[in-house]
Amino acid sequence: MKAAPQIIGHRGAKAYAPENTLASIHTAADLGIEWVEVDVKLTADNIPVLFHDETLERTTNGSGKMAETSYAELQNLSAGSWFSESFADEAVPTLEQAIEACIERGLGLNLEIKPCPGREVETAEVALDTLSRYWDDHDRLLISSFSQASLETAQHMVPDWSRGHLTDAIDGQTIELARHVGAKTININGNHPDLTQDSIETLIDAGFPVLAFTINDPDHARRLIAMGVDGVFSDNPDQILLKH
Ligand code: G3P
Ligand code: MG
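Novice: Honestly, the site of ligand 1 in this entry has me stumped. Any pointers?
Specialist: The environment of ligand 1 is formed by H10, R11, E37, D39, H52, E112, K114, F146, L166 and F213. E37 places a side-chain nitrogen or oxygen 2.6 Å from an oxygen atom of ligand 1. When ligand 1 sits alone it has 290 Å² of accessible area, and the protein chains cover 91% of it. Of the residues assigned to the shell around ligand 1, the class counts are three nonpolar, two polar and five charged.

This is how it looks when you write it as structure tokens:
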């Protein structure tokens with residue numbers, strides 16, 4: 001990654017289209033957003049797909065665990081009808097389809113490796129193997145995860161690709177863990193009640209650009225940027241863009 005992105009569409013543009021679908025990626029591009037973040041996990045038969053939760057209920061019309069669902073079963077489900085009937089035809093996309101959409105639209109990609117429990121290493125391996133077959137623009141690529149094991153796998157497989165250490169709360173271990181995986185950025189929860197100017201400065205002083213999720217209020221984004229945050233993830237990134 002050359003420079004930390006300032007505005008990243010969260011799960012595509014989650015406020016306007018069903019999260020982690022091709023429609024959501026295209027919506028972010030339509031809005032003029034330059035980077036998107038999407039979550040990748042594996043189906044039961046090891047196909048990397050865009051999906052956030054461990055279970056299917058919230059964002060599809062199916063039920064059960066993603067880790068126990070085959071890709072063929074997944075294809076029968078709608079990933080958009082829960083959001084609006086106008087998105088009923090949206091399927092859970094494969095990572096490959098999502099990469100193609102990002103390349104077609106010229107988007108930078110933050111791929112968050114979001115493994116089902118116990119699948120931390122293999123999720124990173126399969127996702128990064130897929131990505132390595134399609135993605136050339138390493139200046140506009142960031143691999144992130146809350147999972148240290150997934151980031152360690154990325155470090156071993158593709159050491160030159162930028163990694164982001166994701167964390168819900170900044171604590172005494174944050175910098176050490178980020179350094180351990182050679183992270184380029186630290187991606188923090190920008191809504192955490194304990195977040196302070198001091199805690200952000202500690203990360204910056206240690207040499208890490210800071211990205212903050214998930215910021216939907218333009219005023220909050222402005223405050224974070226004034227505190228030294230380099231960029232924000234947003235469900236409504238166009239609103240952040242307008243007021244930036
Ligand atoms: O990568 C930033 C953000 O997406 C992390 O949280 O739960 O939305 O994947 P989550
Ligand atoms: Mg995410």
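Once the structure has been displayed, the description carries forward.
Novice: Is there a simple way to think about helix α8 (residues 218–226) in this case?
Specialist: Of the positions making up α8, those classed as buried are P218, H220, A221 and L224. For α8, the angular spread of the buried residues around the axis is 160°, confining them to a single face. The N-terminus of α8 is capped by D217, whose side-chain oxygen sits 3.0 Å from the backbone nitrogen of D219.

Novice: Any chance you could explain the packing of aromatic side chains here in plain terms?
Specialist: The description of two aromatic rings rests on the distance between their centres and on the angle between their planes. If you walk through the whole model with that rule in mind, you get three aromatic pairs. Judged by centre distance (5.5 Å) and plane angle (85°), the ring pair of W82 and F83 falls under edge-to-face. Take W82: its relative accessible area is 34%, and that puts it in the partly exposed class. Take F83: its relative accessible area is 27%, and that puts it in the partly exposed class. Ring centres of F83 and F87 lie 5.6 Å apart, and the angle between their planes is 80°; this geometry places the pair in the edge-to-face category.

Novice: Please clarify how the packing of helix α4 (residues 120–134) against helix α5 (residues 148–157) should be interpreted in this entry.
Specialist: For any two helices packed against each other, the geometry is given by the interaxial angle and the distance between the axes. Where α4 contacts α5, the axes come no closer than 8 Å and their chain directions differ by 40°. With respect to each other, α4 and α5 are oriented oblique. Note on packing geometry: the crossing formed by α4 with α5 is right-handed. Of the residues in α5, those touching α4 at E120, V121, A124, E125, L128 and D129 are A149, S150, T153, A154 and M157.

Here is what the cut-offs are and how they apply
- Residues numbered from 1 in each chain as written.
- Chains lettered and ligands numbered in written order.
- Predicted model: local features only at pLDDT ≥ 70, side-chain atom pairs only at ≥ 80, totals over all residues.
- Heavy atoms only, no water.
- Near = heavy atom within 4 Å.
- Polar contact = N/O pair within 3.5 Å; in protein donor to acceptor, adjacent residues only side chain to side chain.
- Areas by Shrake-Rupley, 256 points an atom, 1.4 Å probe, with all protein chains shown as cover.
- Nonpolar A, V, L, I, M, F, W, Y, C, P; charged D, E, K, R; others polar.
- Buried < 20%, exposed > 50% of the residue type's maximum accessible area, 1.4 Å probe, protein only.
- Helix = DSSP H or I, 4+ residues; strand = E, 2+ residues; numbered from the N terminus.
- Arc of directions from axis to C-beta.
- Phe/Tyr/Trp six-rings, centres within 6.5 Å; stacked < 30°, edge-to-face > 60°.
- Axes fitted to C-alpha atoms, helices over the stretch in contact; angles between N-to-C directions.
- Parallel < 35°, antiparallel > 145°, perpendicular 65-115°, else oblique.
- Left-handed = near helix turned anticlockwise from the far one by under 90°.
- Contact = heavy atoms within 4.5 Å.

These results come straight from atomic positions and should not be treated as a statement about function.
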